[in-house]
Amino acid sequence: MDWIMVVQVLDSTLRLATPLLFACLAGLISERAGVFDIGLEGKMLAAAFMAAAIAYATGNVWLGVASAIVASVGISLLHGVAAITFRGNQLISGVAINFLAAGLTVVIAQNWFSQGGRTPSLSGGGRMPRLDLPFADALRDVPVLGPIYSGILSGHALLVYIAFLCVPATWFLLFRTRFGLRLRAVGENPAAVDTAGISVVGLRYGAVAIGGVLCGLAGAYLSTGLSAGFVQEMTAGRGFIALAAMIFAKWRPWHAMGAVLLFGFLEAVANRFQSIEILGVGLPVQAMQALPYILTVVILAGFVGKAIPPRAVGTPYVKEH
Amino acid sequence: MKATDRIPHWADVTLVPLVSVALAFAISAILIWAIGENPWEAVKLMVEGSFGSSYGWGYTLFYATNFMFTGLAVSVAFQARLFNIGGEGQALLGGLGVALVCLYIPWPHWTLALIGAMVGGAVFGALWALIPGWLQAKRGSHIVITTIMFNFIAASLLGYMLVNVLRPQGTQDPSSPRFPPETALPSLHDILALVGIPFSRVPPVNISLLIAVAMCFAVWYLLWRTRLGYQIRAFGESEPAAEYAGISPARITIYTMLISGALAGLMAVNSVLGEQQRLVLNAVEGAGFIGIAVALMGRNHPFGVFLAAMLFGFLYQGGAELALWTGIPRELIVVIQALVILFTGALDNMVRIPIARLFAQARARGR
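Conventions and cut-offs
Residues numbered from 1 in each chain as written. Chains lettered and ligands numbered in written order. Predicted model: local features only at pLDDT ≥ 70, side-chain atom pairs only at ≥ 80, totals over all residues. Helix = DSSP H or I, 4+ residues; strand = E, 2+ residues; numbered from the N terminus. Rg over C-alpha atoms; globule rule 2.2 N^0.38 Å. Buried ≥ 20, exposed ≤ 12 C-beta atoms within 10 Å, placed from the backbone. Contact = placed C-beta atoms within 7 Å. Nonpolar A, V, L, I, M, F, W, Y, C, P; charged D, E, K, R; others polar. Expected span 1.5 Å × (residues − 1). Axes fitted to C-alpha atoms, helices over the stretch in contact; angles between N-to-C directions. Parallel < 35°, antiparallel > 145°, perpendicular 65-115°, else oblique. Left-handed = near helix turned anticlockwise from the far one by under 90°. pLDDT = per-residue confidence, 0-100.

Across its full length, chain A carries 12 helices and four strands. Scaling as 2.2 N^0.38, a compact globule of 321 residues should have a C-alpha radius of gyration of about 20 Å, and chain A matches this with 20 Å. Among the 321 residues that make up chain A, the fraction classed as buried is 53%. The long-range fraction of contacts in chain A, counting pairs at least 24 apart against all pairs at least 6 apart in sequence, stands at 76%.

Rendered as structure tokens:
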């Protein structure tokens, strides 16, 4: 492996980690508030379709992003109605959302575009423009710093940078604001929050809606930034990798960034090589694809530090009368 | 919850699921209308395509066989209040078990091959469910998350086995060689020909259908007529009460997951041995997930699972006909499946509370 290849793999690591990071933070905020969210995959998929469809129709990618957020928040609210208002099973609701998105995106895409469940390819204003960071060109030839700054960090779509800015923002929201304190409390002990006169239902809807916005961004980046258009099932399990990353990070924002970078790196390596040798042992590409899931199971099993979810996650809150 | 107490048992097992399914179908009809097709014509076409000929019946029953196995798998776990989303992965591994048994053991006759394949599929499926079950029982890992992860790990494992181990040399297609002809199961055509009933030769429905129906009886017997079944249901009703009565939670969790995984793995007898006669990458095609919808709709009772599996068999065959003759893509069925899961599983209270209110009013008037 030469240096050019390393730079390319790390460059694509950032791009592949971006949708994972948005979705992972979405799940993190929702579960910190006590609502399971295994519908990340479905929300991303619906958002990816809306972003590509509207960006194609209007030629403006930002309108696409806005409609992706609307679609994703809409689905989040459906999850909220089922999970919070009607106190239904949050896991089953998430499963339903994943199928709903998988089916609806293809039915609607076929109806609108008649291209076998995909949108036409995006070009020009329909795609997310790449941003060059300041001085990227000037620094290109500087040793070490040049490849890192110009080759890896610079030249991504705006949403990549927003995703990484969301990490400190989520940390600040959860651990340094009153809303965040209440949100975490509602995920641990909703009765206490209720006793303090704060609406459990309102807080949980708020958390679910924020998750919707983040999943909207994840999907929009997938179809207009990472690729140029929507294809059937294009999320390809990313929602579940994000879920895995969230558990891997034990529901903490900074660790989530580390986890998605690791998983993004694995995906980048698996995309690039059919098999690699580590210490003389050949590792097939399938092992690389399965690694995030295996690592998560190991973490869940508590062999390497225990992953303990927020205490009230998954249990609907029933007010005492 | 008080609201549920006021619904008579018969209404709870018939009215509530029927209203949920009616809601799901109504929304699907609106969707069909919205994409510019005629819902009434679509229903007629689906019924005609799945029940109008022995060809249609054959495919309906073939799909229903798959869904009975996976539906039973999810139901048994639900009875112990374990949500096994891993039916898909367990069925994939079951397929691997069936393929290994059929490829590496020279069976003299299909009857023996069938028994061997059932053991292979059930054991591989059960082992794949054992790990999440064990992790839940001994380490407290959330079974929903681990079974999801195991679906993906199963897909990677199968991909590796097909590409690097089972694929015959010189072929590009990631699939196993064909099983020897001695293992071919008799189709429904062959079985019905014995008693002189003509049936289409084309559809892949085979003797596994009878095994699936037998499994419905077996699961019913297990759950309501054996000590283990009683323990599973008691554990599902209340874990602390079951533990107080001397039932070991770890033991029940592990046993339940073994049974659930074995049932999912048995599906491969129908799809891998009965239909394709070889192992391919997408041997399960989402049937493991449809088991969730089937179990929810069937109220986790084997008879309900049987009926719900037939309904989904009809939807799958009818959906294929729709995609063939109209502009409605096959994925419409995925939408219907999602709506059934949503209404019977997650929005249960939305349906239940108004029904409970109606009964309360009726009672008040009767007094």
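Once the structure has been displayed, the description carries forward.
Across the contact, 35 residues belong to chain A and 35 residues belong to chain B. Looking at the side of chain A that touches chain B, the elements that each hand over two or more residues are α4 (90-113), α10 (238-248) and α12 (285-300) of chain A. Considering each element in turn, the side of chain A that touches chain B owes the most residues, 14 residues, to α4 of chain A. Residue composition of the side of chain A that touches chain B, by class: 22 nonpolar, 12 polar and one charged.

As a further point, take the environment of phenylalanine 51 of chain B. Residue and element names in this part refer to chain B. Summarising the element assignment, phenylalanine 51 is placed in helix α3 (residues 39-51). Taking the C-alpha atoms as reference, phenylalanine 51 lies 13 Å from phenylalanine 312; in sequence the two are 261 residues apart. Residues in contact with phenylalanine 51, not counting those within four places in the same chain, are Gly56, Trp57 and Thr60.

Turning to helix α3 (residues 61-85) of chain A, a few remarks are in order. A rise of 1.5 Å per residue sets the reference length of α3 of chain A, with its 25 residues, at 36 Å; its end C-alpha atoms lie 35 Å apart and thus fit the reference within 8%. Where α3 of chain A terminates, the next one or two residues include arginine 87 of chain A, which has phi positive at roughly 50°.

What follows is about the environment of valine 13 of chain B. All names here are of chain B. Structurally, valine 13 can be placed in helix α2 (residues 9-34). Residue class for valine 13 comes out partly exposed when judged on the 16 C-beta atoms lying within 10 Å of it. Distance in space between the C-alpha atoms of valine 13 and histidine 301 is 9.6 Å, their sequence separation being 288 residues.

A few words on the packing of α3 of chain B against helix α4 (residues 54-79) of chain B. For any two helices packed against each other, the geometry comes down to the angle between their axes and how far apart the axes lie. Residue and element names in this part refer to chain B. Orientation of α3 relative to α4, taken along the N-to-C sense of each, is 90°, at an axis distance of 5 Å. Here α3 lies roughly perpendicular to α4, going by the angle between them. In contact with Gly49, Ser50 and Phe51 of α3, α4 contributes Gly56, Trp57 and Thr60.

Okay, the packing of helix α13 (residues 287-297) of chain B against helix α15 (residues 332-346) of chain B next. Residue and element names in this part refer to chain B. One way to put it is that α13 packs onto α15 with a least axis distance of 9 Å and a crossing angle of 40°. Put simply, α13 runs oblique to α15. The crossing of α13 and α15 is left-handed. Counted together, Ile290, Ile292, Ala293, Leu296 and Met297 of α13 and Gln337, Val340, Ile341, Thr344 and Gly345 of α15 form the full contact between these two elements. Taken together, the residues of the contact of α13 with α15 break down into seven nonpolar, three polar and no charged.

Once that is clear, we can look at the confidence of the model for chain B. Confidence in the prediction of chain B, expressed as mean pLDDT, is 91, and 98% of residues score 70 or more. Among the scores for the predicted complex, ipTM is 0.90 and pTM is 0.91.

Residue and element names in this part refer to chain B. Even without being a glycine, glutamine 277 presents a positive backbone phi close to 60°. Within the fold, glutamine 277 resides in the loop between α12 (249-276) and α13. On the basis of neighbour counts, which here come to 18 C-beta atoms within 10 Å, the residue glutamine 277 falls in the partly exposed class. Residue arginine 299 is not a glycine yet carries a positive backbone phi of 55°. Position of arginine 299 among the secondary structure elements: in the loop between α13 and α14 (302-325).

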